[in-house]
Each structure stands twice: as structure tokens, then as C-alpha cells.
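Observations on chain architecture
Here is how the chains run, residue by residue.
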Amino acid sequence: MAGHSKFKNIMHRKGAQDKKRSAMFSKLSREITVAAKMGLPDPDMNPRLRAAINAAKAQSMPKDNIQRAIDKASKGEGDNYEEIRYEGFGPAGVSLIIEALTDNRNRTATNVRTAVSKNGGNLGTAGSVSHGFDRLGLISYPASAGDAEKVFEAALEAGAEDVTSSEDGHEIWTAQGDLHEVAKALEPVLGESEGAKLAWRPQTVVAVGADDAGTLFKLLDALDDDDDVQTVWGNYEIPDDVMEKLG
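On a predicted model such as this, the values are computed, not experimentally measured, just so you know.

1. Description of helix H8 (residues 179-190)
A rise of 1.5 Å per residue sets the reference length of H8, with its 12 residues, at 16 Å; its end C-alpha atoms lie 16 Å apart and thus fit the reference within 8%. Listed as buried for H8 are Leu-179, Val-182, Ala-183, Leu-186 and Leu-190. The buried residues of H8 all sit within an arc of 100° when viewed along its axis, so they share a single face. Away from the buried face of H8 by more than 90 degrees, exposed residues Glu-181, Lys-184 and Pro-188 are located. The inward-facing, buried residues of H8 contact strand E4 (133-141), helix H7 (148-158), strand E6 (169-174) and strand E7 (195-202). Within two residues after H8, Gly-191 carries a phi angle of roughly 85°, on the positive side.

This is how it looks when you write it as C-alpha cells:
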């Protein structure tokens, strides 16, 4: 559930993430359950639930798992999760925003603080780094959805604010309140997205060198391993030559 950096900067972690498929399914199930509890258990009437289901489908999560998560919410079963945001700094002074869904605030705070401090970073107070990010909607599509021109035109027509395309996929940015409207408008043209959620986009990025990049990825992996952590956003960028050194 990696956050912001260019797609290619996080692709090296995909192999490790594939091995943690069950953990990823657990996080996706948690988001589906929370979304269904907060609104109607019908994805056509609940934009957040629809986005959560699309994200689960993009990760090849079995339909039975998706339905089970929805049923759990509609029956009032399962734990009650609260959304918590942590802010802090990683190696090379990069800013990190860590979003979690937890049923135990103390456990999550301890685990997140430990993961950050053991890997060259430290947590700050609320608002310590978020002022350097813009809160926007983010809709993700694979490269197979179309070329950059097609996606740009579709996004413009749908009311998006910005598009970033690379060989790995497309990031379509919207105003915070327009996320689900734009996502719905894009579906007839580009198909179902891989994800549609509120995101933190950095106003400036920090280029991270080889030494710090290795530690940064260890930190991101440690956070990924925490069941409570849903998404990590950062203002880091890993130059191509550094990625090549890291293999």
C-alpha cells in the first residue's frame, strides 16, 4: 500500500509485497469493512466503498473475500476501527504522512514510533509536515488504460486538475471534493481504476541518495508490515542512478 513517489521508485518493492499478499488482503478487507460501516453496504450508493472494492479487485483479491468484508460490516460484526494520521521525518529529512486504521490506538502508536525511530527517522506532532503537502483526490490507472494523451483528455473532460503519466501507469489528481465524481466520469472511458482515494501530494520533493535510500526503503517496508498502517505518503524521489545501485 505504498504512497507517493514516482511509480518506478517503488516497483522494486513489488516482489516483497507479492509475498505479503495475505497481509495486503487484510488491509484491503479492513478498508472495505470501514467504508461499508460508514455508509450503505451498496457500492453504487457508497463512493468510498466502491473505491475500496476497485482497489481490492486491482490486487486480484477474491470476490468471496470482498463480499465477506461487506457482510461483516452490514451485520455489525468485526472490530470498530478509527482512522489515525501520524506525521514525521525519515532518513535524509524526508517528510512522511502515515495513515492507519486501528482498533487499538496505543498499540499502533507504539509500533509506528518504533518502526520510524529504528530506521533513521522520528515522529513529529500533528501538522508538523502536512503543511508541505496538498490534500487532493488521487485516481490510479495502469498503463494499459491508454496512452498519456487519451488519459489526459479523459481526465480533463471529467474535471480532473492534473495528470502524471509514466511507463508504469497514470496518476489523475482531483480537487478533494471532486474525487468520486471524477472517478465515476472516467469509468465509461478508461474502465475501473486501480484505486481512488484522498491523497497527500508534496509541494516539493527531496532527492534521496543511495545510503539514505536503503534505510528509507527499510522504514517503508517496516511500516508496510504493520497491519494497522494503510498508506504511507512521502516527499521523496529516488533518482534513476540510485535505483540502479540498489538493484
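2. Structural notes on the confidence of the model for the chain
The predicted structure's coordinates, where accompanied by low pLDDT, should not be read in detail. When pLDDT is averaged along the chain, the result is 89; 91% of the residues meet or exceed 70. Within the chain, helix H6 (residues 105-117) carries the highest mean pLDDT (97), whereas helix H1 (residues 7-10) carries the lowest (40). Within the model, pLDDT remains below 50 along residues 1-14, and this stretch shows 50 contacts once partners closer than five positions in the same chain are excluded.

3. A word on the sheet that holds strand E3 (residues 122-123)
Pairing is antiparallel in the open sheet, where four strands are placed in the order E3-E1-E2-E9. Of all the strands in the sheet, just E3 and strand E9 (229-234) have a single pairing partner and so form its edges. Bridge count between strand E1 (residues 82-89) and strand E2 (residues 95-102): eight bridges; the pairing is antiparallel. Bridging from a neighbouring strand, Glu-82 pairs with Thr-102 of E2. Of the strands in this sheet, E1, E2, E3 and E9 are in contact with H6, which crosses E1 at around 20°.

4. Here we look at the sheet that holds strand E5 (residues 162-166)
Spatially, the four strands line up as an open sheet ordered E5-E6-E4-E7, and their pairing is antiparallel. Where the open sheet ends on each side, the last strands, each with one partner, are E5 and E7. The mean angle between the axes of side-by-side strands here comes to 30°, regardless of whether they run parallel or antiparallel. Pairing of E5 with E6, which is carried by five bridges, proceeds in the antiparallel orientation. Paired with Thr-164 across the two strands is Glu-171, which belongs to E6. Contacts from H8 reach E4, E6 and E7 within the one sheet, and its direction differs from that of E4 by about 20°.

5. Details of the pairing of E2
Side chains on a regular strand alternate between the two faces of the sheet. Within E2, eight of the eight residues are buried, leaving the element largely enclosed by the surrounding structure. The hairpin formed by E1 and E2 contains five residues between the paired strands, and Ala-92 there has a positive phi angle of roughly 65°.

6. Side note on the pattern of salt bridges
Taken as a whole and judged by the stated rule, the model has 12 salt bridges. For the salt bridge of Lys-57 with Glu-192, the shortest nitrogen-to-oxygen distance reads 3.9 Å. Taken together, the residues span a long stretch of sequence, with Lys-57 in helix H4 (residues 47-58) and Glu-192 in the loop between H8 and E7 at a distance of 135 residues. Given the relative accessible area of 42%, Lys-57 is considered partly exposed.

7. Focus on the nonpolar core
Membership of the largest hydrophobic core comes to 23 residues, with the highest contact counts inside it found for Ile-98, Val-112, Leu-223, Tyr-236 and Ile-238. Of all the secondary structure elements, the ones that give two or more residues to this core are E1, E2, H6, helix H9 (210-224), E9 and helix H10 (240-246). Residue contributions to this core peak at six residues, all from H9. With 17 residues, the next largest nonpolar core counts Ile-139, Ala-145, Ala-155 and Leu-190 among its residues.

Analysis parameters
- Residues numbered from 1 in each chain as written.
- Predicted model: local features only at pLDDT ≥ 70, side-chain atom pairs only at ≥ 80, totals over all residues.
- Heavy atoms only, no water.
- Helix = DSSP H or I, 4+ residues; strand = E, 2+ residues; numbered from the N terminus.
- Expected span 1.5 Å × (residues − 1).
- Buried < 20%, exposed > 50% of the residue type's maximum accessible area, 1.4 Å probe, protein only.
- Arc of directions from axis to C-beta.
- Contact = heavy atoms within 4.5 Å.
- pLDDT = per-residue confidence, 0-100.
- Pairing = 2+ DSSP bridges.
- Axes fitted to C-alpha atoms, helices over the stretch in contact; angles between N-to-C directions.
- Salt bridge = Lys/Arg side-chain N within 4 Å of Asp/Glu carboxyl O.
- Core = buried A, V, L, I, M, F, W, Y, C linked by side-chain atoms within 4.5 Å.

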